[in-house]
Amino acid sequence: MKIKIISSLFFFVSLLSIPTAYAGEAISVTQAWARPVILQNRPGAAYMTLKNDSDQEDRLVKASSPQAERIELHVHRHQDGVMKMEQVAYIPIAAHATTEIKPGGYHLMLFGLSKKFAVGDMVPLTLTFAHGGTVDLNVQVMKKAPMKMDHGSGMDH
């Protein structure tokens, strides 16, 4: 019983460490994380969930960080039976919808890193949206994506 209470408490405290940021009242950024970079001179990757609560479609058009020379918006696409990564001009976020920036889909590629990213590091990012302004957030470096809260699980919170 005591272990169950402690593990439940740890789970809820860990949820508090997942970065959340807002662009005005319309765009929220949750579940943000970045992969560790083991070798120097290799690019990094960052992921997150973007939620648009407005009546207007928006787009993530730019990302920057003082720890990267440049950040490109990318997507993985299947082409002729092969998975290919390509740079895109923006990442769409439909009105009243959510866009996941995740491995195997849309993602941010960080080039010219000032240091290798180790698990536990925080990476400052600035996201620029076509209509929603900018969002500043710190993204935690993790081995894998943070757990999502399942609002249909019957848990009280």
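Look up a bit, the structure's there.
Residue indices follow the written sequence of each chain, beginning from 1 at its first position. A pLDDT threshold of at least 70 governs which residues receive local features in this predicted model, and a stricter bar of 80 or more applies before side-chain atom pairs are shown or counted, although totals over entire chains, interfaces and linings include all residues. With hydrogens and water set aside, each side-chain value is computed from the structure's full complement of heavy atoms.

Peer 1: Hey, could you run me through the packing of aromatic side chains in this one?
Peer 2: Remark: the centre distance and the inter-plane angle together describe each pair of aromatic rings, the angle taken between the planes. Pairing of aromatic rings covers Phe, Tyr and Trp, the last through its six-membered ring, and needs centres within 6.5 Å; plane angles under 30 degrees mean stacked, over 60 mean edge-to-face, and all others mean tilted. The full count for this structure, using the stated rule, is one aromatic pair. Where Trp 33 meets Tyr 47, the ring centres are 4.8 Å apart and the plane angle is 35°; that geometry is what we call tilted. Of the two residues, Trp 33 sits in strand β2 (residues 27-34) while Tyr 47 sits in strand β3 (residues 44-52), which places them 14 residues apart along the sequence. Taking relative accessible area as the criterion, Trp 33 reaches 4% and is therefore assigned buried. Owing to a relative accessible area of 5%, Tyr 47 belongs among the buried residues under this scheme. A cation over an aromatic ring shows up here: Arg 59 above the ring of Tyr 90, its NZ or CZ 5.1 Å from the ring centre. Charges are assigned to positions over rings by a cutoff of 6 Å between ring centre and Lys NZ or Arg CZ, combined with an angular limit of 35 degrees from the ring normal. Seen from the ring of Phe 111, Arg 70 lies directly overhead, with NZ or CZ sitting 4.3 Å from the centre. Only runs of H or I of at least four residues qualify as helices and only runs of E of at least two qualify as strands under DSSP, and these elements are numbered from the N terminus. Only protein chains enter the calculation, and the probe is 1.4 Å; a residue is then buried if its accessible area is under 20% of its type maximum, exposed if over 50%, and partly exposed in between.

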